[in-house]
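One-letter residues, chain by chain:
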Amino acid sequence: MNLSLLHQWNTVFFVAMTALYGYQLLYLLIPFLIKGKKIEQDVPKKTFGIVIAARNEAQVIGELIKSIHQQNYPGEKVKIFVIADNCTDETAMIARNLGAVVWERFDQSQVGKGYALNYLFKKLSETYGKNAVDAYLIFDADNVLDENYLLEMNKHFVQGHEIITSYRNSKNYAVNWLSAGQSLYFLQESQYKNRSRALLGSGCPISGTGFLVSADIINEQNGWHFHTLVEDIEFSVHHAIAGNKIAYCEKAVFYDEQPTDFNQSWNQRLRWGKGFYQVFIKYGLDLFLSIFRKGSFYAFDIFMKIFPLGFLTGILLLFNLLAFGYGLRSNPQALMSSALVLFLVRTYTMFFIGGLITVASEWNRIYATPFQKIGYLFTYPLFVLTFAPISMAALIVKVEWKPIIHKEAKSLALIRKNAE
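Residues numbered from 1 in each chain as written. Predicted model: local features only at pLDDT ≥ 70, side-chain atom pairs only at ≥ 80, totals over all residues. Heavy atoms only, no water.

(A) Fine view of the overall build of the chain. A count of helices and strands for the chain gives 17 helices and eight strands. The buried share of the chain, taken over its 420 residues, is 53%. Contacts in the chain between residues at least 24 apart in sequence constitute 82% of all its contacts with a sequence separation of at least 6. With the model as given, the accessible surface of the chain reaches about 18,900 Å², and the carbon-plus-sulfur share is 59%. (Helix = DSSP H or I, 4+ residues; strand = E, 2+ residues; numbered from the N terminus. Buried < 20%, exposed > 50% of the residue type's maximum accessible area, 1.4 Å probe, protein only. Contact = heavy atoms within 4.5 Å. Areas by Shrake-Rupley, 256 points an atom, 1.4 Å probe, with all protein chains shown as cover.)

(B) Fine view of the pairing of strand β8 (residues 247-256). Along β8, eight of the 10 residues are buried, which leaves the element largely enclosed by surrounding structure. Of the strand pairs in this sheet, strand β5 (residues 144-145) and β8 are connected by two bridges, and their pairing is antiparallel. Looking at β8, one finds that Val 144 is bridged to Tyr 255. Strand direction decides the pairing type here: strand β6 (residues 163-170) and β8, joined by seven bridges, are parallel. Each bridged residue has a counterpart across the sheet, and for Ser 166 the counterpart in β8 is Cys 249. (Pairing = 2+ DSSP bridges.)

(C) The environment of Gln 70, seen in detail. Along the chain, Gln 70 turns up in the loop between α4 (61-69) and β2 (78-85). Separated by 78 residues in sequence, Gln 70 and Asn 148 place their C-alpha atoms 9.2 Å apart.

(D) Representation of the nonpolar core. Ranked by size, the top nonpolar core spans 70 residues in total, and within it Phe 121, Tyr 136, Tyr 173, Trp 224, Phe 235, Val 237 and Leu 287 carry the most contacts. Among the elements that make up this core, the one with the highest residue count is helix α12 (residues 297-306) (six residues). Excluding residues within four positions of it along the chain, Trp 224 makes contact with Gly 114, Leu 117, Asn 118, Phe 121, Ile 138, Phe 211, Ile 218, Glu 231 and Phe 235. Ile 65, Ile 68, Phe 139 and Met 153 belong to the second largest nonpolar core, which has 33 residues in total. (Core = buried A, V, L, I, M, F, W, Y, C linked by side-chain atoms within 4.5 Å.)

(E) Region of interest: the packing of aromatic side chains. Per the counting criterion, the structure on display carries 31 aromatic pairs. Ring plane angle 85° and centroid distance 5.7 Å describe the contact between Phe 383 and Phe 387, whose orientation is recorded as edge-to-face. One exposure class covers both Phe 383 and Phe 387, and it is buried. Each member of the aromatic cluster is reached from another via a ring pair, and the members are Tyr 185, Phe 186, Trp 272, Phe 383 and Phe 387. Positioned over the ring face of Phe 186 is Arg 168, at 3.7 Å from the centre of the ring. Positioned above the aromatic ring of Phe 387, the side-chain terminus of Arg 269 is 4.7 Å from the ring centre. (Phe/Tyr/Trp six-rings, centres within 6.5 Å; stacked < 30°, edge-to-face > 60°. Lys NZ or Arg CZ within 6 Å of the ring centre and 35° of its normal.)

(F) Representation of the side chain of Gln 221 in the model. Tracing the backbone shows Gln 221 in helix α9 (residues 215-221). Assessed through its relative accessible area of 13%, Gln 221 is described here as buried. Discounting chain neighbours no more than four positions away, the residues touching Gln 221 are Phe 226, Phe 235 and His 239.

(G) The pairing of strand β7 (residues 211-214), seen in detail. The alternating pattern of β7 places Phe 211 and Val 213 on one face and Leu 212 and Ser 214 on the opposite face, and all of these are buried. Here three bridges tie β6 to β7, and the two strands are oriented antiparallel to one another. Following the sheet pairing, Thr 165 is matched in β7 by Phe 211.

(H) Focus on the sheet that holds β5. Taken in spatial order, the eight strands line up as β3-β2-β1-β4-β7-β6-β8-β5 in an open sheet, and their pairing is mixed. At either end of the open sheet lies a strand with only one pairing partner, and these are β3 (101-105) and β5. Each of β6 and β8 touches helix α8 (residues 177-199); the most contacted strand, β6, lies at about 145° to it. (Axes fitted to C-alpha atoms, helices over the stretch in contact; angles between N-to-C directions.)

(I) Representation of the pattern of salt bridges. Under the criterion given, the structure shown has 17 salt bridges. Notably, a salt bridge pairs Glu 152 with Lys 155, separated by 3.3 Å at the nearest N-O pair. Here Glu 152 pairs with Lys 155, and both are found in helix α7 (residues 149-158), just three residues apart, close to one helical turn. Judged on exposure class, the residue Glu 152 and its partner Lys 155 are both buried. Ionic contacts of the salt-bridge type, sharing partners, join the residues Arg 195, Glu 250, Glu 362 and Arg 365 into one network. (Salt bridge = Lys/Arg side-chain N within 4 Å of Asp/Glu carboxyl O.)

(J) Spatial organisation of α4. The element α4 is largely enclosed, with a buried count of seven among its nine residues. Regarding α4, the residues found buried are Ile 61, Gly 62, Glu 63, Leu 64, Ile 65, Ser 67 and Ile 68. Packed against the buried residues of α4 are β1 (48-54), β2, α5 (91-97), β4 (135-140) and β5.

What follows is the structure, encoded as structure tokens:
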């Protein structure tokens, strides 16, 4: 095996990825260089429909609904709608007892959040008409909202933003390296990608949950017709092609539960990986052409998000592992300078620096002990590297929508009690 050639390929790969993704390094600096526009505080209060898609979420949905009732926002301007999707537990009953309007759906052929959302929007239109509220806010049942969430989202909505994503924090950062890794991943996406995009006047992608969509957009779409395994990314790409920028509201904070079991983490990210391939195949060409047709940096940025980087990284990592095994047999003394070691050191260092900057700036918003904040920073690059084999597996294995079991029934006050 030609190790010199592999070194060259590693160098070419890193140079190419730096050229394509190097602008995201600037995202780490933008919040320190550009100040956001001042948001007007005294604005009209719009009416919101809170939409929750839930599948067997009896353990956690109560805390989400309670946090909605505890908002610093006029209660008469907020309605809660739940779609209990293929539930076999008490999700529907708990939601009704807490004042939500609930529809139950049982369909084993059209499985997934996208189908559940479309069913719910159809029921809303039939029951209340298309103009019952000004906008919808979409959450997963395990979420919990900061008390000012609706207040802050309303300020941005009144500015004319029709799609808005928000700051994604964690309910269970401190549990283990998996929950910490995924939590830190989303914190970095919020503050050093979406915030920077917003400061530059570009658009953001939606990330699963915690976002607002105007009723006008839902009516134009005639519901929710995004049914890949990552309906959120599909929605984002659709609007990037159309030129509809998705805004970001930093002060609207919600808390999310991350998997703590490796199998669940693997299965969730395997679904994401397969879904990204689906979206890339379905929309990649149109999105790529939008870059040039519209001179759109927004389209370029979203294209780079769905580009199969994890698969390419996994392939290169596999070749490095094979070369390492070859070197172990033929020249053990040279292993410290092997292509694999250099590859891993470069990659680890890159992700560590990004994680370090995020932990430092979000220190007071990370609910864990100082030891945990620092300790899990060192495992964060390892967590990110696991995306590579997941992306490779997602290309070849059959992936179906599998519910994630949520158990962290925490109130906002309990979340803020740090790691106690």
